[in-house]
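The residues making up each chain are set out below.
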Amino acid sequence: MSAVSEARPPRYLKPMNKVMMAVQKLGIPTGPAMVLTVPGRKSGRLRSTPMTPFTYDDGLYVVAGYPGADWAANARAAGVGTLSRGRRSKRVRIVELTAAQARPVLRVFPVKVPVGVAFAKRSGMVRHGSPDEFEALAGQLAVFRFDPVD
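If you're wondering where the values come from, they're calculated on a predicted model, not measured in any experiment.

Q: Hey, could you run me through the sheet that holds strand β7 (residues 143-148) in this one?
A: The strands making up a sheet are joined through hydrogen bonds of the backbone, oriented either antiparallel or parallel. Strands sit in the order β2-β1-β5-β6-β7-β4-β3 across an open sheet of seven strands; the sheet is antiparallel. The open sheet has two free edges, formed respectively by β2 (46-51) and β3 (54-56), since each of these has just one partner strand. Averaged over all neighbouring strand pairs, the angle between strand axes comes to 40 degrees, with direction disregarded. Examined bridge by bridge, strand β4 (residues 59-63) and β7 share four bridges and lie antiparallel to one another. Residue pairing in the sheet places Y61 in a bridge with R145 of β7.

Right, dumping it as structure tokens:
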């Protein structure tokens, strides 16, 4: 088993996500962080997850923090959701990229989302956080593009 497939979220992630969600619900934007809300793939209940999408090549993208993330499975199953920042929200189509499509997006990820590099290092997925290391995660980490829904 590779280090990537064994990567798990740090224990602080759930409590930190709850704090981020509470701040967002108060209408206070938290930097580039946004909240994605999609129906749960099993329960159908709305599930919200804070994340840090970034722009690249005229698109808005997000990279899953670790393989097998529940929010990524829910997003994949839903295909559409709502992205919110503070009190503003917009409907989006959620498009998962193939490994080939994800490579250039993963290469820019360490520059666009430095906090994601620290997370990936702590999770053991990368050692240095270089573009080459992130590109090598194509096909192992889910990468999604958010397209506006008219």
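Next comes the rest of the description.
Q: Where do I start with the side chain of T37 in this structure?
A: Here T37 lies in strand β1 (residues 34-39). Judged by its relative accessible area of 17%, T37 is buried. In this structure the side chain of T37 is engaged in a polar contact, spanning 2.7 Å, whose partner is the side chain of S48. Every residue in contact with T37, bar those within four places of it in the chain, is listed here: L46, R47, S48, G81 and T82.

About the criteria used
Residues numbered from 1 in each chain as written. Predicted model: local features only at pLDDT ≥ 70, side-chain atom pairs only at ≥ 80, totals over all residues. Heavy atoms only, no water. Pairing = 2+ DSSP bridges. Helix = DSSP H or I, 4+ residues; strand = E, 2+ residues; numbered from the N terminus. Axes fitted to C-alpha atoms, helices over the stretch in contact; angles between N-to-C directions. Buried < 20%, exposed > 50% of the residue type's maximum accessible area, 1.4 Å probe, protein only. Polar contact = N/O pair within 3.5 Å; in protein donor to acceptor, adjacent residues only side chain to side chain. Contact = heavy atoms within 4.5 Å.

By themselves, these figures tell us nothing about what the structure is for.
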